[in-house]
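Summary of the model geometry
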4 protein chains.
Amino acid sequence: MIKAKIVGAGGYGGVGILELLMRHPEVEPAALVDVVDAGRPISDLYPHLAGYCDLEICTPDSDRACETYDVVFFSTPDGVGMQAAAGELERGAKVIDYSGDFRFGSAESYADYANFIGREPEHASPDLLEEAVYGVPEFHRDAIAGARLVGNPGCFAISALLGLVPAVGAKLAAPGTLIADGKTGVSGAGKKASPVFHYPARYEQMNAYKLGGHQHLVEVEHELSARAGRRIALTFTTQVVPVCRGIMTSLYGTLEEGVDYARALAAYRDFYADAPFVRVCDRSVPAGTHHVRGSNRALLLIDVDERTGRLRVISHIDNLMKGQAGNALQNMNLMFGLDETAGLTEPGRYP
Amino acid sequence: MIKAKIVGAGGYGGVGILELLMRHPEVEPAALVDVVDAGRPISDLYPHLAGYCDLEICTPDSDRACETYDVVFFSTPDGVGMQAAAGELERGAKVIDYSGDFRFGSAESYADYANFIGREPEHASPDLLEEAVYGVPEFHRDAIAGARLVGNPGCFAISALLGLVPAVGAKLAAPGTLIADGKTGVSGAGKKASPVFHYPARYEQMNAYKLGGHQHLVEVEHELSARAGRRIALTFTTQVVPVCRGIMTSLYGTLEEGVDYARALAAYRDFYADAPFVRVCDRSVPAGTHHVRGSNRALLLIDVDERTGRLRVISHIDNLMKGQAGNALQNMNLMFGLDETAGLTEPGRYP
Amino acid sequence: MIKAKIVGAGGYGGVGILELLMRHPEVEPAALVDVVDAGRPISDLYPHLAGYCDLEICTPDSDRACETYDVVFFSTPDGVGMQAAAGELERGAKVIDYSGDFRFGSAESYADYANFIGREPEHASPDLLEEAVYGVPEFHRDAIAGARLVGNPGCFAISALLGLVPAVGAKLAAPGTLIADGKTGVSGAGKKASPVFHYPARYEQMNAYKLGGHQHLVEVEHELSARAGRRIALTFTTQVVPVCRGIMTSLYGTLEEGVDYARALAAYRDFYADAPFVRVCDRSVPAGTHHVRGSNRALLLIDVDERTGRLRVISHIDNLMKGQAGNALQNMNLMFGLDETAGLTEPGRYP
Amino acid sequence: MIKAKIVGAGGYGGVGILELLMRHPEVEPAALVDVVDAGRPISDLYPHLAGYCDLEICTPDSDRACETYDVVFFSTPDGVGMQAAAGELERGAKVIDYSGDFRFGSAESYADYANFIGREPEHASPDLLEEAVYGVPEFHRDAIAGARLVGNPGCFAISALLGLVPAVGAKLAAPGTLIADGKTGVSGAGKKASPVFHYPARYEQMNAYKLGGHQHLVEVEHELSARAGRRIALTFTTQVVPVCRGIMTSLYGTLEEGVDYARALAAYRDFYADAPFVRVCDRSVPAGTHHVRGSNRALLLIDVDERTGRLRVISHIDNLMKGQAGNALQNMNLMFGLDETAGLTEPGRYP
């Protein structure tokens, strides 16, 4: 059995990977680490786990946390993984980090990101940046399979990239015309209570936020630019709506000469022919976030607005699955040579 | 007192105008007409009105319905108002119709609309089309003030137009680059139950629909084109999220040469300087649909994405108020020479 | 115009009375006091009020706060009003307090309450307790009309009392058999964010809390006991469900000898014959919290379970209206000799 | 592999058991039967299943439906199973019926139920009633293990019975004093859209319904009476709140002489010592429907109100799991000699 440690176990990202590992046939969630709630069983924080998993949370410097594990998940904010990953790698673990720490393959790119979000531009482990792989399996499957260290993507980022990369790669849409309009559920903000996510303040409320630029925008542009071989910038509007789970992102771009609906649809189908978790749907299919809730799937609805000459893709994911823990597990499967879908073979439950 | 008749009183659009008329100092809701539930007091259908308004619903051909009223609201589907408006006008009433019947100023334009939505292209009262005024007070205040017949706009349409018309009018954004990404609450679909709005199928669900073209798109393009003096087409994505009341529409367009944030903001402030129900906010203001829920206001958040050279406007309305009954009452006020804000002077209630 | 000061203006109880006073024909909300957010306009905290009310919040010791007002509303936690009420009364104001400070007519009763909730048993203004009136207009209309100082009831308390008092008063049910099963919306907990009211933790969640005894239980028993002339205890289960506004409380009691449905219904109708805000419905009426949302009404559904010989009353209120600010205004109207319904004549809006 | 047929596969009860069987190690869902949507893959109706299960729905008289299966689930309304069960049994299948058809062990008891709900009192297969077992594994484990035919309980019924049976059995509470106050999520009403479950009519709405008696009351009283050896009647209030999944039922009864909290708690712990899906919690545990959502668990919070001498039990289930499909699978496991928890070993997912 692969022994796994989860750092930041008490948050939604931590309990999300825990739930998945509990049903994975070849992994044992062996250590739950957090800086708060140490000494309490995880089922105290998440009573739905009582009797299923009652592991105690331990502090990062506890004996249990310092044992050697096969894989370590950092479900932690920016700045934690970059400090601790090197030590884990030295002990022989493979590392998957949820933050922006390892999503950028060079010190320069990381500095751009850090500047954008107002952090120190120096990375604590710059030597690890080159080997770290950006964890979108649909784009970097082989590199992930060979990696010791993966930077799991942001939820808004992966929702946009899954829809945009084929458009750029297959030259369906003009890179200078890209727009992403994203709507997320509230769980994307994590477990911590705050006035804007207080139930009475959130029910019946829709709003855009971070108009100046959501941090996930940086990795979207970084990935698109890397693939296009030139700098691509896009407008990304991030919005919150009163659901718990789900991201729906509408993607727009002006069609390149000669591209029509059939060609666009074919390009997406082709691009994702071997991707077990991306479902490409033609525009006649009724689609919604319900169709991916609780699963690791992304559902891409492909459309062309012939009247205006525009490509339109609606991307649907569960932000806590393909947008976070599910994708992290998919990465882990690849890193350990397991079936990419191991532990992720079940649909969500409806309704 | 102005005596009002509401046709289609049993639906959300009908009860919405009824609620407003009940608190209007100069109007008396005098007849409630519908093709179903005749003989039942309206408070049977809407028990929150019990004791406040217990008027009986009557059929369209009942004695009560056939009396003369000062104003008639048709909260009815396409095709009803065009049949009945002429008779009302002959009896001396002023008419406000909620459907697409009188939103287009010529038989040709109406035929385009009718073709788009799959109806017969012939209008039943083509002679009335020329005098009918498209009921966006912010654009056609004087014409509405002099009109006998107003076509109240669609909810998605007014949400988009309030944000787009200044952009086109003040040449802020290139008309060929416009995109509208709209999210509506469920009440926009009306009172009738349907599988997609069944609570378990709707909670936690976001989805785009009518990708081929929502009917409100036609009037948006019609109005924009009329104002620009040339044909303008845009991409409009209509989406539903699990809220009851509210529309948030994100509007995008490539900035015209020389336009920056300050100029764009100033243009919107200027355009709406005399509009009592449009609140123009700079991009630093936290905004959301909560801020307009229950009120006739539109809140426009003005932004420019300098990185990509794009204008971005987030338009927020209550779909049942500025998107329907509130706007209809605003039109009525103008048609009768009343203060534009009469009966509409209260904010909604929070939370 | 009656000049009003609201202490605790920044909370839901404060903004609730502000919204109501804004539409009251004879009152002017003249000072908004709070210990936080001083210097900010109230519309900063509640943007739906922007342009409607932009009064600045001032501190309790500011000049503005220390002027003389005709009425002062204390929308504050236990312990604030008891310190400040005396000063306000001396300056000639009438005072309405939302907390438990003035709901108990004697130092002994207050001490019982204080012990129950774990506060110091000594009241800061014991001499005021005798003159303070418990603010349920349906039970104490005359006393309220003559009072300078009113203790507005708790939301769960009034929801239960409106259903129970006629049962005890008219000897419909045996006092020793009373049970109240209450379900509240989240706004009852106020504006402050907390983990249990975080949107993802609250949607889809129902739970009972304070099984050991909700603080509102004390005033329910106090009032019932006072009316019965002997000690009455009841079981009260308080529960939270994912709605924003609304309390539904199911009340049970074993029928006294000879009482049947007709007699029970008649007793309630009789008891509330002159109560403008209580709607007594027979059991055939479909009822729900929607019917009182946004209004000051209480809807009592009267039932008798003949099979088991039990009285069952379902009480519905809007916890922020009849459960708080609406009831406070009703008290104010009585205290100033105004029509009891002034400023409260409108139904809520639907949906 | 056990081959299973699901009749009524298109409803929530059908898709619920399908989802569970898909993950069961020893069962193959082999036929999906319904009277509507025949010829469509189930994933057309439930797109979250696309690629996971695309079995076509067939009509009840299709060749596929008429093959022999090892187990048949009737997720159908009253009256269907009683017609078809005999045929299935003859072909050698075991049968689990979700309706009231086989919950009553005699023609007389069934007639009482049928009268209560307004159906014909004659059962179509009266000879099967004696052998049919009421499917609450916690009460009838051995009988279920030996049964060919099980009547799966109603969701409200099992939620109440799990809390009441130990109280009656261990003589904790006086049978004549029992009250059940139940609140259900909307999915309990099934997939069919209706005006009261239309999203705008249901959000923010709480209401009681069927005050005259919910059909599940009959089986609660039947089971309690059978166990007590005498007729027991209780008051049962059924209510709907705006959640999708979950039932919380508060249960009340006057304590029998000498019973205190410790004894009550011990009695429940003892009663459910061998029940893998019942979690008995002492009253200090924060509990809610979140803790059982998506799992087959029932969570019973045991309390005694010492002030009033009353037992209070709060029962929490997922109405679609322990209240329906999960419990049906638990029954199937027992009927086939499998581990009672097979296919039911996972907690739900949070949030």
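Cut-offs used in this document
- Residues numbered from 1 in each chain as written.
- Chains lettered and ligands numbered in written order.
- Predicted model: local features only at pLDDT ≥ 70, side-chain atom pairs only at ≥ 80, totals over all residues.
- Heavy atoms only, no water.
- Contact = heavy atoms within 4.5 Å.
- Buried area = accessible area lost by both parts, 1.4 Å probe.
- Salt bridge = Lys/Arg side-chain N within 4 Å of Asp/Glu carboxyl O.
- Polar contact = N/O pair within 3.5 Å; in protein donor to acceptor, adjacent residues only side chain to side chain.
- Helix = DSSP H or I, 4+ residues; strand = E, 2+ residues; numbered from the N terminus.
- Nonpolar A, V, L, I, M, F, W, Y, C, P; charged D, E, K, R; others polar.
- UniProt positions renumbered as here; feature names shortened; annotations may be inferred.
- Least-squares fit on C-alpha atoms with pLDDT ≥ 70 in both.
- Disulfide = S-S within 2.5 Å.

This part is about the interface of chain B and chain D. Listed per partner, the contact involves 19 residues of chain B and 19 residues of chain D. When residues of chain B are sorted by the area they lose upon contact with chain D, His 198, Tyr 199 and Cys 244 of chain B head the list and together hold 45% of the total. Here chain B and chain D share zero salt bridges between them. Our enumeration of links across chain B and chain D arrives at six residue pairs in polar contact (both at pLDDT 80 or more). Per-element tally for the side of chain B that touches chain D: the top contributor is helix α9 (residues 199-202) of chain B, with four residues. Here the side of chain B that touches chain D is composed, by residue class, of 12 nonpolar, four polar and three charged.

Taken together, the contact between chain A and chain B spans 55 residues of the former and 54 residues of the latter. When chain A packs against chain B, close to 4,200 Å² is buried across both sides, 52% of that on carbon and sulfur atoms. If you sort the residues of chain A by the area they bury against chain B, Glu 204, Met 206 and Leu 211 of chain A come out on top, with a joint share of 19%. Where chain A meets chain B, there are four salt bridges. Its salt-bridge partner being Glu 221 of chain A, residue Arg 307 of chain B comes within 2.3 Å of it at the nearest N-O pair. Across the contact surface, chain A and chain B share 50 residue pairs in polar contact (both at pLDDT 80 or more). Elements represented by at least two residues in the side of chain A that touches chain B include exactly β8 (179-184), α9 (199-202), β9 (207-209), α10 (216-228), β10 (235-240), β11 (247-254), β13 (298-305) and β14 (310-317) of chain A. For the side of chain A that touches chain B, the element with the highest residue contribution is β8 of chain A, accounting for five residues.

A few words on the UniProt feature "domain: Semialdehyde dehydrogenase NAD-binding" (unreviewed entry) in chain A. Within this structure's numbering, the places UniProt gives as "domain: Semialdehyde dehydrogenase NAD-binding" (unreviewed entry) are residues 3-147 of chain A. As a span, residues 3-147 of chain A carries 37% helix and 17% strand, and end to end its C-alpha atoms are 18 Å apart.

Take chain A, turn it by 180 degrees, move it 0.0 Å along the axis, and it overlays chain B with an RMSD of 0.0 Å. On this basis, the relationship between the two copies can be described by a two-fold rotation axis. Most of the interface of chain A is mirrored in chain B, where 98% of its interface residues again form contacts.

In this section: the state of the cysteines. Tallied over the entire structure, the rule returns zero disulfides over all chains. Unpaired in terms of disulfides, Cys 53 of chain A finds its nearest cysteine sulfur in Cys 58 of chain A, a separation of 12 Å.

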